[in-house]
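Reading the structure
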Amino acid sequence: MNLSIAVLAALDGVSYAALVFLVSVGLSLIFGVMRIVNVAHGSLYAYGAYAAATIGIAVAPISPWLTYPGLLLAAIGIGVVIGGLLERFLLRLVYGKDEALQLLITFAVFMILDNLQRLIWGVQPIFAAVPLQLLPNITVLGVGYTSYQTLLLPGVAILTLVGLRYFLRHTLSGAVILAVTEDREAATAVGIDPQRVFLTTFILGAILSALGGALASPTTSLLPGIGTDMIVLSFAVAATAGLGQIEGAAVAAVMIGLARAFAIYTYPEFEVLMPYLIMVLVLLLRPQGLFGAARVRRI
Amino acid sequence: MTVIRSALKASLAGMLFAGLLSSPAAAQDKPAELKIAITTFLSGPASVFGVPGKNAAEMIAEDINKKGGILGVPVKLSFIDEGAGGEALVSNYRRVVQDEKVDVTFASISSGSCNQLVPLAEDLKVLNLMWDCGASSILEAKKYRYSFRTQANATQEMMAVLIYLLKKKPDFKTIAVVNQDYAWGRESWEIFSTALKQLKPDVQIVGEFFPKFGAPDYSTEVSRLLALRPDVVLTTSWGGDLDTLVRQAGQRGLLRQSLFVLGIGETSLQRLGRDVPEGLIVGARGDHWFLHPEMKDKPEFKAFNEAFKARTGAWPIYPVYHMAQAFSSLQAAYDKAGKAAGGKWPSREQVIDAMQGLTFQAWGRPVTLRPDDNQGIEAQLVGLTKKADGYDFMVLDEMMIFDSTKIINPPTQKTGDWLKTLTPELIKLDVPVFKHGG
């Protein structure tokens, strides 16, 4: 492999990793705090994407630049409404119950939302690429890249990681979340309302899931089934990192992104396998995931 | 006058009485309705074909019933979601045949579904029209009595696209492929690449990419292709996958660098709008095009297309025409069988007999079911993308319509063996060319 191929593959790997991190970090956060494997994460991703495309198509004729705030608005709207309703009226009923039950309930929600999605947006692929088309292409070693995928998405991924770290470690709300994660009873004893913390966390995780979808929407076709694919990939990232590991999710996403890109450049047959091959190898060596056991606290 | 009136009354009463007597006999002959169960994708990514197929079926059935049904019997449709897949699909199919006693089934879109349901139809002895699945191997493995493919198979479809490419760009040296990683993506490339090696042995295959079915991102494949610079890129992908690949390739200049061949791209043209350049090669899985050069001026063809557009908001795509072909073949078979039965309602076996070697026509050239293997021989239309007034998407130009009898293996030979016998002479095949609007 020559140097130019290595550079191009690295660039492709990092852009892909950024997207993978953005779609999987919400899953990790919710599991880290609430110990719930949220299968409906895939639906939140899909709804975030569809909502962003809908807003984008509506506002683009006024000004194409309005599609950018549209992405954020879609993520927050979907996260607050669907995330809030889910936590308040469903998940709250099953905290402390068997994990299998929680899994089944979020899976049922996923199936319902998947069907509802078809009713709302239909089955024909939707493509709303205005935010991507607004930014210029850049050329690296004679190969054109979109700056949306190569610069903007990795930038947003880094900002999300840093922002989440700051929020959890350096703000009162973050400290409260950590306290509930660490010891729910003790936190309750000092006056923290864990239900409120769970609601906040779930909404935050839902916003992150929807943000992943919203940011991915200009790059891809939206159609039935997009949520299913993303949930599988997100689980692979989260399991590789160790469930609940936010920084670990970033590292796992980069590993998976780079491995996939190098596979395409060298042995394309292995492309589909790479995320799962890495997951299996990591779990064989460290069943708790890359970052799972080193710390007691899981976020 | 009184006598005449009495005589009229008596004869009228006699007629009514005779009618009352004869109607139960007729009802025994003819069923109240002809039940058709259709498997189609109502969920999942392939619903981009399945839902237009269902819309077409409903529209066609309404039209048939408005005109008095098939041999006077109205058709009644039921649908099974192929998206459920596997066991659910098989058990639903069995249920509608055995419990609901459907007369005919149309199964299926996916070749995987056809592989499961064709042998089952044989066991259940129910007439089954393989209305959209394309894998050549299904009907090569065994001779079936009860299943008929009312359209082409992958061999005809891929051969037409390949010969079109070789006629249009005879001097290309390198090619790469980006296909979905499942049966269709693999089989279509196998046919295309095997034939390519026979027809133009000096071509070098520089890249073979099979991203996951439903992959949301092809950026890395696009980068790799930009670096490899192949003369031609083939893809037989479809639906959202094809839209994403073409748009990502277009955004980064790959569509201008390499000639793209969209093996079954006809279904994506309306969605892709003007985002694709002119000069891409597009296949249509048959001679399916809403501006079909030999059909476009026929009032009934125009009326069908416009009715579908009014109903769904989009012009028909190939699954719509495939559905129309299934219905046309059914009507033709019942007409033929009805005549053979002396005007009476034909039995199921009589209809099956009528299907053998049947020729019928829907919205393209006539299709013939080859009696040896029940495989449809269907003309193939391939063209180049072109901007045209009145359409906000690319239409097809420089269309060639291939006579498929020349580009399919004989029933005595399997596709793989036949492909290896091809010679470059085949490229000289005489094929008519049609301009858009010409």
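Residues numbered from 1 in each chain as written. Chains lettered and ligands numbered in written order. Predicted model: local features only at pLDDT ≥ 70, side-chain atom pairs only at ≥ 80, totals over all residues. Heavy atoms only, no water.

Each helix and strand in chain A was counted, giving 12 helices and 2 strands. Seen in sequence order, chain A has helices and strands lined up from the N terminus as α-α-α-α-α-β-β-α-α-α-α-α-α-α. Here chain A has a C-alpha radius of gyration of 19 Å; the compact-globule value for 299 residues is 19 Å, and the two agree. Based on the C-alpha atoms only, the size of chain A along its principal axes is roughly 60 × 50 × 35 Å. When burial is assessed residue by residue, chain A has 56% of its 299 residues classed as buried. The long-range share in chain A, meaning contacts at least 24 apart out of those at least 6 apart in sequence, stands at 78%. Total accessible area on chain A is roughly 12,300 Å²; 73% of this is exposed by carbon and sulfur atoms. Between the mean site of the 14 positive side-chain charges and the mean site of the 13 negative ones, chain A shows a separation of 7 Å. (Helix = DSSP H or I, 4+ residues; strand = E, 2+ residues; numbered from the N terminus. Rg over C-alpha atoms; globule rule 2.2 N^0.38 Å. Buried < 20%, exposed > 50% of the residue type's maximum accessible area, 1.4 Å probe, protein only. Contact = heavy atoms within 4.5 Å. Areas by Shrake-Rupley, 256 points an atom, 1.4 Å probe, with all protein chains shown as cover. Lys, Arg positive; Asp, Glu negative; His and termini not counted. Charge placed at Lys NZ, Arg CZ, Asp CG, Glu CD.)

Here we take up the state of the cysteines. Residue and element names in this part refer to chain B. If you walk through the whole model with that rule in mind, you get 1 disulfide over all chains. What pairs with C114 in a disulfide is C133, and their sulfur atoms sit 2.0 Å apart. Taking the sign of the torsion about the S-S bond as the criterion, the disulfide between C114 and C133, at about -90 degrees, is left-handed. With C114 in helix α4 (residues 111–124) and C133 in the loop between β4 (127–130) and α5 (137–141), this residue pair connects regions lying 19 residues apart in the sequence. For C133, a relative accessible area of 0% gives the class buried. (Disulfide = S-S within 2.5 Å.)

Time to look at the packing of aromatic side chains. Summed over the entire model, instances satisfying the criterion amount to 23 aromatic pairs over all chains. When the ring of Y47 of chain A is compared with that of W121 of chain A, the centres are 5.5 Å apart and the planes differ by 85 degrees; the resulting orientation is edge-to-face. Taken together, the residues Y47 of chain A in helix α2 (residues 41–59) and W121 of chain A in helix α4 (residues 99–121) connect sequence positions 74 residues apart. Comparing Y47 of chain A with W121 of chain A, the two get one shared label, buried. An aromatic cluster is defined as three or more aromatic residues linked by ring pairs; in this entry it consists of F49, Y182, F213, W238 and Y318 of chain B. Seen from the ring of Y146 of chain B, R145 of chain B lies directly overhead, with NZ or CZ sitting 5.6 Å from the centre. Geometry around W315 of chain B places K309 of chain B over its ring, the cationic atom sitting 5.3 Å from the centre. (Phe/Tyr/Trp six-rings, centres within 6.5 Å; stacked < 30°, edge-to-face > 60°. Lys NZ or Arg CZ within 6 Å of the ring centre and 35° of its normal.)

Attention now moves to the nonpolar core. F106, M159, F192, L330 and F402 of chain B are the most contacted members of the largest nonpolar core, which totals 136 residues. The dominant element in this core, judged by the number of residues it contributes, is helix α13 (residues 318–340) of chain B, at 12 residues. If we ignore the near neighbours within four places in the chain, the residues touching F192 of chain B are M158, V161, L162, L165, I175 and L234 of chain B. Core analysis: the second largest hydrophobic core is formed by 79 residues, L22, M34, A46 and I126 of chain A among them. (Core = buried A, V, L, I, M, F, W, Y, C linked by side-chain atoms within 4.5 Å.)

It is worth spelling out the pattern of salt bridges at this point. The full count for this structure, using the stated rule, is 26 salt bridges over all chains. Across the salt bridge formed by D353 of chain B and R145 of chain B, the nearest N and O atoms sit 3.0 Å from each other. Taken together, the positions of D353 of chain B in helix α14 (residues 348–355) and R145 of chain B in the loop between α5 and β5 (147–149) put the pair 208 residues apart, joining distant regions of the chain. Measuring nitrogen to oxygen at the nearest pair gives 3.5 Å for the salt bridge that ties K200 of chain B to D202 of chain B. Three or more residues are tied together by salt bridges with common partners; here these are R165, R169 and E247 of chain A. (Salt bridge = Lys/Arg side-chain N within 4 Å of Asp/Glu carboxyl O.)

This next bit is on the interface of chain A and chain B. If you look at the interface, chain A gives 32 residues, while chain B gives 36 residues. Overall, the association of chain A and chain B removes approximately 2,900 Å² of surface from exposure, summing both partners, and the carbon and sulfur fraction of that is 52%. Counting every contact that joins chain A to chain B gives 2 salt bridges. Across the salt bridge formed by R260 of chain A and E221 of chain B, the nearest N and O atoms sit 4.0 Å from each other. Across the contact surface, chain A and chain B share 17 residue pairs in polar contact (both at pLDDT 80 or more). (Buried area = accessible area lost by both parts, 1.4 Å probe. Polar contact = N/O pair within 3.5 Å; in protein donor to acceptor, adjacent residues only side chain to side chain.)

Taken as a whole, chain B shows an average pLDDT of 91; of its residues, 94% reach a score of 70 or greater. Per the prediction output, this complex has pTM 0.85; the corresponding ipTM is 0.80. (pLDDT = per-residue confidence, 0-100.)

Once that is clear, we can look at α4 of chain B. Residue and element names in this part refer to chain B. The end-to-end C-alpha separation of α4 is 20 Å, in line with the 20 Å expected for 14 residues at 1.5 Å each. At L117, α4 shows its maximal bend, which comes to roughly 25 degrees, and the proline P119 appears one to four places after that position. Inspection of α4 places S111, S113, C114, L117, V118, L120, A121, E122 and L124 among the buried residues, and these make up the whole buried set. Where α4 is buried, its residues meet β1 (34–40), α3 (86–98), β4, α5, β5 and α14. For α4, the side-chain oxygen to backbone nitrogen distance between the N-cap and G112 is 2.9 Å, and the N-cap itself is S110. Positioned one or two residues after α4, K125 has a phi angle of 55 degrees, which is positive. (Expected span 1.5 Å × (residues − 1). Bend = angle between axes of the 7 residues up to and from the residue.)

A word on unusual backbone geometry. The peptide bond linking A107 of chain B to S108 of chain B adopts the cis configuration, its omega dihedral lying at 20 degrees. Structurally, the position occupied by S108 of chain B is in the loop between β3 (104–106) and α4. One non-glycine residue, L141 of chain A, lies in positive phi territory at about 50 degrees. Its location among the elements puts L141 of chain A in the loop between β1 (137–140) and β2 (143–146). Look at L71 of chain B: it is not a glycine, yet its phi comes out positive at around 50 degrees.

The subject of this paragraph is the pairing of β1 of chain B. Residue and element names in this part refer to chain B. Buried residues dominate β1, accounting for 6 of its 7 residues. Bridge count between β1 and strand β2 (residues 75–81): 7 bridges; the pairing is parallel. Paired with T40 across the bridge in β2 is D81. Remark: the β1/helix α2 (residues 47–66)/β2 crossover connection has right-handed handedness. Judged from the 3 bridges that link them, β1 and β3 form a sheet pairing that is parallel. (Pairing = 2+ DSSP bridges. Right-handed = clockwise from strand over helix to strand, strands pointing away.)

Further remarks concern helix α11 (residues 246–266) of chain A. Look at α11 of chain A: 30 Å from first C-alpha to last across 21 residues, which is about the 30 Å you get at 1.5 Å a residue. Most of α11 of chain A is tucked away, with 15 of its 21 residues classed as buried.

A word on the sheet that holds strand β9 (residues 259–262) of chain B. The strands that make up a sheet are held in pairs by hydrogen bonds between backbone atoms, and each pair lies either parallel or antiparallel. Residues and elements named next belong to chain B. Spatial strand order, β7-β6-β8-β9-β10-β14-β15-β16: 8 strands in an open sheet with mixed pairing. The strands lining the two open edges of the sheet, one partner per strand, are β7 (204–209) and β16 (433–434). Bridge count for strand β8 (residues 232–235) against β9 is 4 bridges, and the pairing is parallel. Residue pairing for β9: L234 is matched across the bridge by V261. Sitting on the sheet, helix α7 (residues 183–199) is in contact with β6 (174–178), β7 and β8, with an inclination near 175 degrees to β7. (Axes fitted to C-alpha atoms, helices over the stretch in contact; angles between N-to-C directions.)

Residue and element names in this part refer to chain B. Pairing of strand β11 (residues 359–360) with strand β12 (residues 367–370), which is carried by 2 bridges, proceeds in the antiparallel orientation. Bridged to F360 within β12 is V367. Connecting the antiparallel pair β11 and β12 is a turn made up of 6 residues. Here 3 bridges tie β12 to strand β13 (residues 375–377), and the two strands are oriented antiparallel to one another.

What follows is about the packing of helix α10 (residues 226–241) of chain A against α11 of chain A. Residues and elements named next belong to chain A. Look at α10 against α11: their axes get within 8 Å of each other, and the N-to-C directions meet at 115 degrees. Here α10 runs over α11; the crossing is right-handed. Facing α10, whose interface residues are V237, T240 and A241, α11 presents G248, A249, A252, A253 and I256. Grouping the constituent residues of the contact of α10 with α11 by class yields 6 nonpolar, 2 polar and no charged. (Left-handed = near helix turned anticlockwise from the far one by under 90°. Nonpolar A, V, L, I, M, F, W, Y, C, P; charged D, E, K, R; others polar.)

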